[in-house]
Amino acid sequence: MRSIKSFRSKNELVYDSLRTAIIHGELAPRKRLVIDELASELGVSQIPVREALRQLEADGFVTIEPYVGATVTPIEVANISEIFGLLEGMEVVSGRAACVNLSDADLKELEAMLQWMDNLLDEPDQWSQVNVRFHQFICERSGTLLVKKLMDKTLDHWDRLRSYYLKDVFSHRITAAQKDHWRMFEAIQKRDTHALEKVVREHNQAALAAYTSYLEK
């Protein structure tokens, strides 16, 4: 993490810095977060650090316990099940709406995004960035804006999971995941809500199985 210098509020900057460090694995699961040390490293007072830790606790990235203090929330099987359960439910809702509401222009843009992703299969980090945009785009254009707000936070947890298990799990799933994305696109293009729901559930359950199997080992 770097010392903070910007015109944005210190609370926002500290929150963003710590959140990014947690998502990208710079602050590892179960790591103790000492307010004095963080304030010194970031070049701020203790107050914005305390506020940021409270917000990160609300977001599920930090655990604060009496007499123990703050630690980075661990990645456990229960967390993984919750993440993919939430993603599955939200993608079903937004996907069903997409089957009804996406225009021909939206479909062309979505197809172009998938073609771009086809060229990034050997570049996991870049592929995952476009993958996030793919799911956000469906939410935006389908009109499920409340789902998008919830999905944005859940995708942050997915991104942390992906970053932490990039080499062991995620990179091996990209090809299968991309095929599922094309199946989602075809279902939306055909306005077939039943087919869409089927592929979304299979997509998320396969990912869940891969991550939980690895973690249990």
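What this report covers is the structure whose coordinates are included nearby. Just so it is clear, the structure is predicted and the values come from calculations on it, not from any experiment. (Residues numbered from 1 in each chain as written. Predicted model: local features only at pLDDT ≥ 70, side-chain atom pairs only at ≥ 80, totals over all residues. Heavy atoms only, no water.)

**Quick look at the pairing of strand E2 (residues 62-65)**
Test applied: Any two strands with at least two DSSP-identified bridges between them are counted as paired. Helix and strand assignments follow DSSP, with helices taken as H or I runs no shorter than four residues and strands as E runs no shorter than two, numbered in order from the N terminus.
Bridging between E2 and strand E3 (residues 69-72) involves 4 bridges; their strand directions are antiparallel. From the neighbouring strand, isoleucine 64 faces E3, where its bridge partner is alanine 70. The hairpin formed by E2 and E3 contains 3 residues between the paired strands, and tyrosine 67 there has a positive phi angle of roughly 70°.

**Quick word on the nonpolar core**
The following threshold applies: What is meant by a nonpolar core is a set of buried Ala, Val, Leu, Ile, Met, Phe, Trp, Tyr and Cys residues, joined one to another through side-chain atoms within 4.5 Å. Partly exposed describes any residue whose relative accessible area lies between the buried limit of under 20% and the exposed limit of over 50%, with all areas from a 1.4 Å probe on protein chains only and scaled to the type maximum. Note on definitions: a residue-residue contact is assigned when non-hydrogen atoms from the two residues lie within 4.5 Å.
Of all hydrophobic cores here, the largest spans 42 residues; its most connected members are Phe84, Leu87, Leu110, Phe134, Ile188, Leu196 and Tyr211. The contacts of phenylalanine 134, once residues within four sequence positions are left out, are Leu110, Met113, Leu114, Met117, His181 and Met184. One finds Leu33, Leu38, Leu42 and Phe61 within the second-largest nonpolar core, a separate group that totals 20 residues.

**Topic: the packing of helix H5 (residues 104-118) against helix H6 (residues 124-142)**
Selection rule: Every axis in this analysis is a line fitted to C-alpha atoms, fitted for helices over the stretch in contact. Angles between the N-to-C directions lie between 0 and 180 degrees. Geometric relationships in this document are graded by angle, where less than 35 degrees denotes roughly parallel, more than 145 denotes roughly antiparallel, 65 to 115 denotes roughly perpendicular, and other angles denote oblique. The handedness criterion is simple: a crossing whose near helix is rotated anticlockwise from the far helix by less than a right angle is left-handed, and one whose near helix is rotated clockwise is right-handed. Three residue categories are used. Nonpolar comprises Ala, Val, Leu, Ile, Met, Phe, Trp, Tyr, Cys and Pro, charged comprises Asp, Glu, Lys and Arg, and polar comprises the others, including Gly.
Contact geometry of H5 with H6 gives a least axis separation of 10 Å together with a crossing angle of 170°. One finds that H5 runs roughly antiparallel with respect to H6. Like other packed secondary-structure pairs, H5 and H6 cross with a definite hand, here left-handed. Packed against H5, whose contacting residues are Asp106, Glu109, Leu110, Met113, Leu114, Trp116 and Met117, the element H6 presents Trp127, Val130, Asn131, Arg133, Phe134, Phe137, Ile138 and Arg141 at the interface. Here the residues of the contact of H5 with H6 are counted per class, giving 10 nonpolar, 1 polar and 4 charged.

**Considerations on the packing of aromatic side chains**
Put simply, the test is: Planes of paired rings set the category: under 30 degrees apart is stacked, over 60 is edge-to-face and the rest tilted, where pairs are Phe, Tyr or Trp rings (Trp by its six-membered ring) whose centres lie within 6.5 Å. For a ring to carry a charge above it, either NZ of a lysine or CZ of an arginine must fall within 6 Å of the ring centroid while also lying within 35 degrees of the normal to the ring plane.
The tally for this structure, following the rule as stated, stands at 7 aromatic pairs. Every member of this aromatic cluster is reached through a ring pair, and the members are Phe84, Tyr164, Tyr165, Tyr211 and Tyr214. Sitting above the plane of the phenylalanine 170 ring, arginine 162 keeps its charged end 5.6 Å from the centroid.

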